[in-house]
Amino acid sequence: MWTGETDDKQPRLIHAKDGELLYMAAITTWQPGKNEDVEHGFAIATVASAGGIVHIHDRRPVVLTPEAAPEWTSSDTSVESALELLNTARPESAFKWYPLTRQRSNVKCQTPNTNHPTAI
């Protein structure tokens, strides 16, 4: 996640406070056994930010609980159930975020230890 003006981006690392994996709700038209192409991409579902993350970005991905993730990915899940799952996402208080070295803004940056917090 980057914040700031185009010429002065500040990369930030966001992760779960409990160390659990992040399960982001997404949609796709791809199906198992089908070829991957531009017509079968995916989109991450987002909601308005709240709490302490608003100053980083006005939108945030819907991060499902580990228990909800299998239901989200099941083809048996109804549209109504999927919409309910979007309303049970993990709250902002479940995450930690901190700035990283600005070197992370460059895709050529492959140095070790660039995911450690740094002072702004």
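Residues numbered from 1 in each chain as written. Predicted model: local features only at pLDDT ≥ 70, side-chain atom pairs only at ≥ 80, totals over all residues. Heavy atoms only, no water.

### Side note on the overall build of the protein
Across its full length, the protein holds two helices and nine strands. Each helix and strand of the protein, ordered N terminal to C terminal, gives the series β-β-β-β-β-β-β-β-α-α-β. Within the protein, buried positions represent 25% of all 120 residues. Taking as baseline every contact in the protein between residues at least 6 positions apart, the subset at least 24 positions apart corresponds to 51%. Counting only carbon and sulfur atoms, one obtains 54% of the accessible surface of the protein, whose full area is about 8600 Å². (Helix = DSSP H or I, 4+ residues; strand = E, 2+ residues; numbered from the N terminus. Buried < 20%, exposed > 50% of the residue type's maximum accessible area, 1.4 Å probe, protein only. Contact = heavy atoms within 4.5 Å. Areas by Shrake-Rupley, 256 points an atom, 1.4 Å probe, with all protein chains shown as cover.)

### Topic: the pattern of salt bridges
If you walk through the whole model with that rule in mind, you get two salt bridges. Residue Arg90 pairs with Asp18 through a salt bridge whose shortest N-O separation is 2.8 Å. Of this pair, Arg90 sits in the loop between α2 (79–86) and β9 (95–99) while Asp18 sits in the loop between β2 (10–16) and β3 (23–24); the two residues are 72 residues apart in sequence, bridging distant segments of the chain. Judged by relative accessible area, Arg90 falls into the buried class, the value being 9%. Looking at Asp18, the relative accessible area reads 48%, which means it is partly exposed. Of the charged contacts, one joins Glu92 and Arg60 as a salt bridge, the two residues approaching to 2.6 Å between their closest N and O atoms. One end of the pair, Glu92, is in the loop between α2 and β9; the other, Arg60, is in strand β7 (residues 59–61), and 32 residues separate them in sequence. (Salt bridge = Lys/Arg side-chain N within 4 Å of Asp/Glu carboxyl O.)

### As for the environment of Ala43
Take Ala43: it is sitting in strand β5 (residues 42–44). Classification of Ala43 by relative accessible area gives partly exposed; the value is 39%. It is 8.7 Å that separates the C-alpha atoms of Ala43 and Ala25, two residues lying 18 residues apart in sequence. Setting aside its immediate chain neighbours within four residues, Ala43 contacts Ala25, Ala26 and Ile27.

### Some remarks on the environment of Leu22
Structurally, Leu22 is set in the loop between β2 and β3. With 41 residues separating them in the primary sequence, Leu22 and Val63 have C-alpha atoms 6.2 Å apart.

### Comments concerning the side chain of Arg60
For Arg60, a relative accessible area of 10% corresponds to the buried category. A polar side-chain atom of Arg60 sits 3.2 Å from the main-chain carbonyl oxygen of Arg90. (Polar contact = N/O pair within 3.5 Å; in protein donor to acceptor, adjacent residues only side chain to side chain.)

### Regarding the packing of aromatic side chains
Evaluation of the coordinates by the stated rule reveals zero aromatic pairs. A cation over a ring is seen here: Arg90 above Phe95, with NZ or CZ 5.9 Å from the ring centre. (Phe/Tyr/Trp six-rings, centres within 6.5 Å; stacked < 30°, edge-to-face > 60°. Lys NZ or Arg CZ within 6 Å of the ring centre and 35° of its normal.)

### As for the nonpolar core
Ala25, Ala45, Val62, Leu64, Ala68, Trp72, Ala82, Leu85 and Ala89 together form the largest nonpolar core, which totals nine residues. If we ignore the near neighbours within four places in the chain, the residues touching Ala45 are Ala25, Ala26, Arg60, Pro61, Val62 and Leu86. (Core = buried A, V, L, I, M, F, W, Y, C linked by side-chain atoms within 4.5 Å.)

### Concerning a nonpolar patch on the surface
Taken together, the side chains of Leu22, Met24, Phe42 and Ile44 define a hydrophobic patch exposed on the protein surface, amounting to about 370 Å² of accessible area. Positionally, Ile44 belongs in strand β5. (Patch = residues over 30% accessible without salt bridge, like charges linked within 9 Å, V, L, I, M, F, W, Y side chains within 5 Å.)

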